Every structure is written in structure tokens, then in C-alpha cells.
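What follows is each chain in one-letter form.
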Amino acid sequence: MPDQNTKKRIAIFGSTGSIGTQALDVIRANPGLFEVEILTAQTNDELLITQALEFGPNAVVIGDDSRYEKLKEALSSTDIKVFAGAKALEEVADFDTYDMMLAGIVGFAGLKPTLKAVEKGKAVGLANKETLVVAGDIVMQKAIEKRVPIIPVDSEHSAIFQCLVGEARNPIEKVILTASGGPFFGKKPNFLVNVKRDHALQHPNWSMGAKISIDSATLMNKGLEMIEAKWLFNLRPDQIEVVIHPQSIIHSMVQFEDGSIKAQMGLPDMKLPIQYAMAFPGRVKNDFPRLNFRKYPALNFEEPDVKTFRNLSLAVEALHKGGNMPCILNAANEIAVWAFLRNRIGFLDMTAMVEKTMQNVAFIEKPSLQEYFESDGEARNFAATLINL
Ligand code: NAD
Ligand code: MG
């Protein structure tokens, strides 16, 4: 058992979410390997308090500063430092006292703290794919400069990352991202037009936060993942393929220049890629349920229906176009999902909103970080004007 000093100190950004709570499950199961240094949440102060009392971090941050007093009061008998507000997220990301950030915030809000961790030279376990979708060039460039490992947590990218171990000298011919197809696999627009939020939130294989669940139902998630893969593995758009694999057993694949394909498999459980990222380069023994191939007599593969699930085509368009287009796509999509979750727009309206926003916000070929923030704001404002149409 390693002693106190060799424990990896983890800063969990978004600790109350689906990824964050599962990361804490992994830490709870491996107290000799990991300890919690920072926890952050946006609004769920109750859970943040419970987590802080259990794991005793150095610092906690609540994004919504109206909840600061309650948090401070609840933790007053401890020496845990309490902060509030978006700016505080960046400030704690700048602390010296942690080894790895587990980036589990959802959406564009994850970009600034994650970039701060990279600038600080901290390893990042990256669940927050939007960070790379929006500003992948800047984040990866900084990571190279600072020699910071960005280890994917997204299951597809973790699969690819695992397939690449030992292959440093071997170029990738292409990667094949698998997609479950989501809850509406096989459905057509005449069905989708009437879909409501509660149905769209039911994913067949994974239990996840609301935003990514909707993104999985529209296939936007796979589009965001194509862009994420481009940056993580330095790929051209034509090297990134998507295949529908409804069982979610193969988490993704890499094809090398000799035609050999490696796949990473297992039961769908996010704790595995989370644990892999936190423990990399080691593997940690666990008692997660094992895959029994006899229970999966067939693994199926199909072409995605991009005529019906047009969000995937829009993301592919943004992937090819580059510049600030993925940032615009992402911002419009965040507004669209937000509006859909509040029953303000229909399922197919989400696509129309993203498409119109991509057509309306000015394209910038090589944006600065500031320009990414401006494009994000502009795209959000434009998309918001479409909500009541
Ligand atoms: P979630 O909604 O369950 O949790 C999000 C977390 O971020 C919460 O702790 C919340 O408090 C915090 N947060 C929300 N808005 C914030 C803001 N504006 N500022 C600061 N913090 C904020 O989301 P999730 O499903 O855990 O997903 C997190 C990220 O991981 C997403 O980028 C998602 O795409 C990615 N991801 C998730 C899964 C999964 O299985 N859940 C799988 C792959 C990738
Ligand atoms: Mg994924």
C-alpha cells in the first residue's frame, strides 16, 4: 500500500454530477491510491456538503454564490476552504496542491478552469469534451507546451487511448468511434417531432447527466466526440469514422496502417474510464461486473442515419470547417438542449437552431481565446432569439 505522500491528489470539478460522483466512488474504493483535494459544484450545495464532510478536501467551490453562506456554515467546524463564483473555479484550478484535475463540469463552463489546470502544468482527466470542441487547438497546444497529459475520460476516447498504448511509433490510419444510437435509434422524423424530454432522457445503456443524455438522443454527442477525437489524437477529419453499435460493448477502435484493428471492450460503466484516467499508466484491480460474451451472442454495427439525425451532419460540417465553427455549434447546441429540457422547443427544433446559428454567426478561421469567448456569446444570443419562433 503506498503511503500518504504517494497518493494522487485529485481535484474534481463538477463533483456532484454523474462523472463527479462516479469519480468519488472510485476514490472511495481506493483510499490508498487517491485523495480528494478540491470539489466543485454549481448549485447542489447539499451534496457538495455531504461530499466535503466525507472526503475532507482542502477546498470546495460552489458556482452559484447565493449558496456560499450555507456552505460556509455547514463546513464551519472543518478547516476546508470555501469559495464561490465562476472566478473561484479558476482560482482553485491554479492551486499547487493537487496532481490531477478530473474535469467533470458540463459544457462551455468547463473550459476556463480546465485551461487553467493545463497552464498550471497539471494532468487532466478530461470528461468535459466541450473544452476541446470549443478551443481544442489552444488547449492542446498549451498541453504540449507544458508537457501536460490530457487523459480522456469519455469512454470512446479512453478506448482509443488504451488501444494506442505501446503504439507510439505507429501512425493511426483511422479511428472508429462507436455510438449506441441512443433511445431513438431506428426512428424517423415523423416520430421524433413529438418526442418529449422525459423520453429523450432515457438512454438504453448509460445513465448520465441531462445534457449529454439529450446529446446522445440527437447524436450531437457523437459529433462532439468526433471533434474531441480530432484534437486528442491529432487526426484529420477523414480519419474519424462513426459506427452505430447498439450493445455498447466495443467502446471504440483504432485501425493502424497495416489494416490491423484494435478494440477496447467491456460492459458500459463510466467508472472504468474514470479509474483508468486517474490511475494511468497503471490499471487498478476492481470488482466491477465482468463482460460475459455468452450473454452477447451478437455485436451489431450499422451506418448512422444522418438524414434523420442531422445534428451529426452539422457537427461533421463544423469539424471540416474548423475555426470557430465547432464553438458556434457547441454554443447553439447548449442553448437548444437547455430550451428542449424546459419544453420550450421540440426535439427537431434543436437541429434547426444549431443550423441557423452556424449560418448566422461570423466565421473566424484562426480565433484567439478571446474570439472563442466572443463567438460563444454571440452564438448563444443568436440561438436564444430563435426559442420563441
Ligand atoms: P452532470 O450534469 O451530471 O454534472 C455536471 C457537473 O458540472 C455538476 O457537478 C454541476 O454542478 C457542474 N456544473 C454544471 N454547470 C456548471 C457551471 N456553469 N459552472 C460550474 N459547474 C457547473 O454532467 P455529467 O453527465 O457528469 O457530464 C459532465 C461532462 O462529462 C460533460 O462534458 C459530458 O459530456 C462528459 N461526459 C459524461 C459522461 C457520463 O456518463 N455522464 C460520459 C462521457 C462524457
Ligand atoms: Mg462518449
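Just so you know, these numbers come straight off a predicted model, no measurement behind them.

About the thresholds
- Residues numbered from 1 in each chain as written.
- Chains lettered and ligands numbered in written order.
- Predicted model: local features only at pLDDT ≥ 70, side-chain atom pairs only at ≥ 80, totals over all residues.
- Heavy atoms only, no water.
- Pairing = 2+ DSSP bridges.
- Helix = DSSP H or I, 4+ residues; strand = E, 2+ residues; numbered from the N terminus.
- Axes fitted to C-alpha atoms, helices over the stretch in contact; angles between N-to-C directions.
- Contact = heavy atoms within 4.5 Å.
- Near = heavy atom within 4 Å.
- Polar contact = N/O pair within 3.5 Å; in protein donor to acceptor, adjacent residues only side chain to side chain.
- Areas by Shrake-Rupley, 256 points an atom, 1.4 Å probe, with all protein chains shown as cover.
- Domains from an automatic or database assignment.
- Left-handed = near helix turned anticlockwise from the far one by under 90°.
- Right-handed = clockwise from strand over helix to strand, strands pointing away.
- Core = buried A, V, L, I, M, F, W, Y, C linked by side-chain atoms within 4.5 Å.
- Buried < 20%, exposed > 50% of the residue type's maximum accessible area, 1.4 Å probe, protein only.
- Donors = N, O, S within 2.8 Å, 3.2 Å for Na, K, Ca; no water.
- Phe/Tyr/Trp six-rings, centres within 6.5 Å; stacked < 30°, edge-to-face > 60°.
- Buried area = accessible area lost by both parts, 1.4 Å probe.
- Salt bridge = Lys/Arg side-chain N within 4 Å of Asp/Glu carboxyl O.
- Nonpolar A, V, L, I, M, F, W, Y, C, P; charged D, E, K, R; others polar.
- Arc of directions from axis to C-beta.

Some thoughts on the sheet that holds strand β8 (residues 172-179)
Within a sheet, neighbouring strands are paired by backbone hydrogen bonds and run either parallel or antiparallel to one another.
No. 1: If you trace the 4 strands from one edge of the open sheet to the other, you get β9-β8-β10-β11, paired in mixed fashion. In this open sheet, the two edge strands, each paired with only one partner strand, are β9 (240-244) and β11 (261-265). When the angles between neighbouring strand axes are averaged without regard to direction, this sheet yields 20°.
No. 2: On top of the sheet, helix α7 (residues 155-163) reaches β8, β10 (250-256) and β11; it is set at about 40° to β10, its chief contact.

Observations regarding the site of ligand 1
No. 1: Near ligand 1 lie 22 residues; those nearest to it are Thr16, Ser18, Ile19, Gln42 and Glu130.
No. 2: Between ligand 1 and the protein, one listed contact pairs an oxygen atom with a backbone N or O atom of Ser18 at 2.9 Å.
No. 3: Taking Gln42, its main chain carries an N or O atom lying 2.8 Å from an oxygen atom of ligand 1.
No. 4: If ligand 1 stood free it would expose 820 Å²; the protein chains cover 86% of that surface.
No. 5: Taken domain by domain, the makeup of the shell around ligand 1 includes at least three residues from each of domain 1 (8-152) and domain 2 (158-268 + 289-310).

Here we look at the packing of helix α14 (residues 325-341) against helix α15 (residues 349-360)
No. 1: Contact pair α14 / α15: the axes reach a minimum separation of 9 Å and the direction vectors enclose 150°. Relative to α15, the crossing made by α14 is right-handed. Here Met325, Ile328, Leu329, Ala332, Asn333, Ile335, Ala336, Val337 and Phe340 of α14 come into contact with α15, specifically with Met350, Met353, Val354, Thr357 and Met358.

Comments concerning the pairing of strand β1 (residues 8-13)
No. 1: Here 6 bridges tie β1 to strand β2 (residues 34-41), and the two strands are oriented parallel to one another. Across the sheet, residue Ile10 finds its bridge partner in β2, namely Val36.
No. 2: In this fold, the crossover linking β1 to β2 by way of helix α1 (residues 18-29) has right-handed handedness.
No. 3: Bridge analysis of β1 against strand β5 (residues 100-103) gives 4 bridges, and the strand direction is parallel. Bridge pairing in β5 links Ile10 to Met100.

Overview of the nonpolar core
No. 1: Membership of the largest hydrophobic core comes to 124 residues, with the highest contact counts inside it found for Phe13, Ile27, Val60, Phe233, Met278, Leu329 and Phe347.
No. 2: Residue contributions to this core peak at 12 residues, all from α14.
No. 3: Here Val60 is in contact with Leu39, Leu48, Ala52, Leu71, Leu75, Ile80, Lys81, Val82 and Phe83, once residues within four sequence places are set aside.

Description of the coordination of the magnesium ion (ligand 2)
No. 1: Protein ligation of the magnesium ion (ligand 2) involves Asp154 (OD), Glu156 (OE) and Glu225 (OE), the donor distances falling in the range 2.0 to 2.2 Å.
No. 2: According to the relative accessible area criterion, Glu156 is buried, its value standing at 8%.

Considerations on the packing of aromatic side chains
No. 1: For the coordinates displayed, the defined rule picks out 8 aromatic pairs.
No. 2: On the basis of an interplanar angle of 75° and a centroid distance of 6.2 Å, the ring pair of Phe83 and Phe95 is categorised as edge-to-face. Here Phe83, found in strand β4 (residues 81-84), pairs with Phe95, found in the loop between α4 (86-93) and β5; they are 12 residues apart in sequence, far enough to count as distant.
No. 3: On the basis of relative accessibility, which here comes to 25%, the residue Phe83 falls in the partly exposed class.
No. 4: Where Phe184 meets Phe347, the ring centres are 5.4 Å apart and the plane angle is 90°; that geometry is what we call edge-to-face.

A look at the domain arrangement of the chain
No. 1: One can read the domain layout of the chain as domain 1 (8-152), domain 2 (158-268 + 289-310) and domain 3 (322-389).
No. 2: At the junction of the two partners, domain 2 supplies 19 residues and domain 3 supplies 15 residues.
No. 3: Counting each side, the surface lost to burial between domain 2 and domain 3 is near 1500 Å², with a carbon and sulfur contribution of 74%.
No. 4: Contact with domain 3 buries surface across domain 2, with Arg197, Met220 and Arg310 losing the most and accounting together for 34% of the total.
No. 5: Seen at the junction of domain 2 and domain 3, the total is 1 salt bridge.
No. 6: A salt bridge links Glu355 to Arg310; the nearest nitrogen and oxygen atoms lie 2.7 Å apart.
No. 7: Summed over the shared surface of domain 2 and domain 3, the result is 3 residue pairs in polar contact (both at pLDDT 80 or more).
No. 8: Mapped onto the side of domain 2 that touches domain 3, the elements with two or more residues apiece are α8 (189-192), α9 (197-200), α10 (210-218) and α11 (220-233).
No. 9: Per-element accounting of the side of domain 2 that touches domain 3 gives the leading share, 6 residues, to α10.
No. 10: Partitioned by chemical class, the residues of the side of domain 2 that touches domain 3 number 13 nonpolar, 1 polar and 5 charged.

Considering unusual backbone geometry
No. 1: Cis geometry marks the peptide bond from Phe280 to Pro281; its omega dihedral reads 10°.
No. 2: In this structure, Pro281 sits in the loop between α12 (271-279) and α13 (310-321).
No. 3: A positive phi angle, near 55°, is found at Asn343, a position not held by glycine.
No. 4: Within the fold, Asn343 resides in the loop between α14 and α15.
No. 5: Using a relative accessible area of 52% as the deciding quantity, one classes Asn343 as exposed.

Looking at the environment of Phe161
No. 1: Structurally, Phe161 can be placed in helix α7.
No. 2: Setting aside residues up to four positions removed in sequence, Phe161 forms contacts with Ile150, Ile151, Pro152, Phe233, Tyr276 and Phe280.

Some points on helix α2 (residues 45-55)
Given 3.6 residues to a turn, an α-helix orients residues that are three or four positions apart in the same direction.
No. 1: Here α2 has its buried residues at Asp45, Leu48, Ile49, Gln51, Ala52 and Phe55. Viewed end-on, α2 has its buried residues packed into an arc of 165°, placing them on one side of the element.
No. 2: Those residues of α2 hidden inside the fold are in contact with α1, β2, β3 (59-62) and α3 (68-74).
No. 3: Gly56, located one to two residues past α2, shows a positive phi value of around 55°.

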